[in-house]
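# Working through the structure, step by step
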Amino acid sequence: MKESNKKNRYMQIRLSQEEYDAIEKKFQNSGMRSRSDFIRAMIFDGIIVHFDEKELRKTNQLIANIGNNINQIAVRVNSTGRIYDEDFAEIQNGQREIFNALTSVLKCFARTRR
């Protein structure tokens, strides 16, 4: 074994019971044989993604808004039997806003790729 590959250092961390159980469950589901190898793989190969909660809430609100708008349009169409160009424009604008917000989220994922 090369000198640089010798595992002769020890690291100890403190965990709550919940943290320990979560790590243990992920290890069991990983199919790996060694807990040490699993933890090293998570540290060196794992990816941490941080999202701005405000952006996620904004995206969620946009989706809820367009859903409400579509429901209002559906009620109006069902009661009058007519659909208006403005209705289509409203739906398209809402979809565009959602698309832009989701594109922003996907860019966060793209930055995490190696």
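Residues numbered from 1 in each chain as written. Predicted model: local features only at pLDDT ≥ 70, side-chain atom pairs only at ≥ 80, totals over all residues. Heavy atoms only, no water.

### As for the layout of surface pockets
Its boundaries defined by the atoms lining it, the largest pocket holds a volume of some 870 Å³. For the lining of the largest pocket, the secondary structure elements donating two or more residues are α1 (17-30) and α2 (35-45). The biggest single contributor to the lining of the largest pocket is α2, with eight residues. Counted by class, the lining of the largest pocket contains 11 nonpolar, two polar and six charged residues. (1 Å grid on protein atoms, 1.4 Å probe; cavity = no way out; pocket = protein on both sides within 12 Å on 5 of 7 lines; lining within 4 Å. Points joined across faces, edges and corners; volume = space filled by probe spheres on them. Helix = DSSP H or I, 4+ residues; strand = E, 2+ residues; numbered from the N terminus. Nonpolar A, V, L, I, M, F, W, Y, C, P; charged D, E, K, R; others polar.)

### Considering the confidence of the model for the chain
Summing up the model confidence of the chain, the mean pLDDT is 84 and the portion of residues at 70 or higher is 88%. Ranking the helices and strands of the chain by mean pLDDT puts α1 first, with 92, and helix α4 (residues 85-112) last, with 81. (pLDDT = per-residue confidence, 0-100.)

### Brief notes about the packing of aromatic side chains
Going through the model one piece at a time under the given rule, you end up with one aromatic pair. Relative to Phe38, the ring of Phe27 has its centre 5.7 Å away and its plane inclined at 55°; by these criteria the two rings are tilted. In this pair, Phe27 sits in helix α1 while Phe38 sits in helix α2, placing the two residues 11 residues apart along the sequence. For Phe27, a relative accessible area of 7% puts it in the buried group. (Phe/Tyr/Trp six-rings, centres within 6.5 Å; stacked < 30°, edge-to-face > 60°. Buried < 20%, exposed > 50% of the residue type's maximum accessible area, 1.4 Å probe, protein only.)

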